[in-house]
Amino acid sequence: MWWREALEGIAKDQIRKHPILLGILPHIKGGELDLDLLMVMVENRFREFFEPAKDFKDFIETRRLFLQPYYMNTYLALREDDSPENFTAFLVFDVIGCLQNFNFYKSKEIISFKGKVDLAALEELLEIERQNLTPYFRGLRALAVWQFKRLLKKNFEPDPKKSSPGHPGKFFALWRSKTG
């Protein structure tokens, strides 16, 4: 798997020339991002491709496990306080991003979960206590709410022309703008 090999390459000082990898490299070298946590994230994501969740709630829990090391690296890099609300904002932003890219993954025969989107479960995540969020995660929550409303209007049928795997890249662009 490409990301596993790329992260192992960093440990051996064999750096691949990839924009996201080069963007996070200074933070790995500077000790702000934990290489072991990134590897856990990659392994969890890899498993997700081959083991679809039994339903939407299970999918949310799978994403929670996948995101934990990613989130820990993010709040450490941002030097913000950890809180359950911040993590929930991070989670809901990710889940909605996955739904946006559903058609792309489906075209690659990657099915994230069986069944339909559970609106109650998604709305429950969106009910994050805003006052306890730090500014960065407040921004993620606002983006998630906006995307949720767009998807709701379309009955969660993403536009295949606009559905792409760009979500992680957008997140890293936001993250890099915050961390310099």
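What you are looking at is a predicted structure, and each value in this text was computed from that prediction instead of being measured.

What counts as what
- Residues numbered from 1 in each chain as written.
- Predicted model: local features only at pLDDT ≥ 70, side-chain atom pairs only at ≥ 80, totals over all residues.
- Heavy atoms only, no water.
- Helix = DSSP H or I, 4+ residues; strand = E, 2+ residues; numbered from the N terminus.
- Buried < 20%, exposed > 50% of the residue type's maximum accessible area, 1.4 Å probe, protein only.
- Areas by Shrake-Rupley, 256 points an atom, 1.4 Å probe, with all protein chains shown as cover.
- Expected span 1.5 Å × (residues − 1).
- Contact = heavy atoms within 4.5 Å.
- Salt bridge = Lys/Arg side-chain N within 4 Å of Asp/Glu carboxyl O.
- Phe/Tyr/Trp six-rings, centres within 6.5 Å; stacked < 30°, edge-to-face > 60°.

Draft legend 1. Representation of the overall build of the protein chain in the model. Along the backbone of the protein chain there are nine helices and zero strands. Every one of the 180 residues in the protein chain was classed for burial, and the buried ones make up 43%. Accessible area of the protein chain: about 10200 Å², with a carbon and sulfur share of 54%.

Draft legend 2. Inspection of helix H5 (residues 84–100) at higher detail. Along its 17 residues, H5 runs 24 Å from first to last C-alpha, staying within 8% of the 24 Å computed at 1.5 Å per residue. A large share of H5 lies buried, amounting to 14 of its 17 residues.

Draft legend 3. A look at the side chain of Ser112. Mapped onto the secondary structure, Ser112 falls in the loop between helix H6 (102–107) and helix H7 (119–126). Among all residues touching Ser112, those that are not within four sequence positions of it are Pro52, Ala53 and Phe59.

Draft legend 4. Region of the structure containing the pattern of salt bridges. Across all of its chains, the model carries five salt bridges by this definition. Here Arg64 makes a salt bridge to Glu61, at a shortest N to O gap of 3.2 Å. You can see Arg64 and its partner Glu61 sitting in helix H4 (residues 56–78), three residues apart, about one turn around the helix. One salt bridge in this structure joins Asp94 and Arg63, with 2.6 Å as the shortest N-O distance. Here the residue Asp94 occupies a position in helix H5, and Arg63 occupies one in helix H4, the gap between them amounting to 31 residues. Grouping residues by exposure puts Asp94 and Arg63 together as buried.

Draft legend 5. Highlighting the packing of aromatic side chains. Tallying each qualifying case throughout the model produces four aromatic pairs. Here the aromatic rings of Phe59 and Phe113 are separated by 5.1 Å at their centres, their planes lie at 40°, and the arrangement is tilted. Of the two residues, Phe59 sits in helix H4 while Phe113 sits in the loop between H6 and H7, which places them 54 residues apart along the sequence. Its relative accessible area of 1% is what places Phe59 among the buried residues. Overall, Phe113 belongs to the buried group, its relative accessible area being 6%.

Draft legend 6. Quick look at the environment of His18. Inspection of the secondary structure puts His18 in the loop between helix H1 (2–11) and helix H2 (19–29). What makes His18 partly exposed here is its relative accessible area of 26%. Along the primary structure His18 and Ala6 are separated by twelve residues, whereas in three dimensions their C-alpha atoms are 9.3 Å apart. Look past the residues within four positions of His18 in its chain and what remains in contact with it is Trp2 and Trp3.

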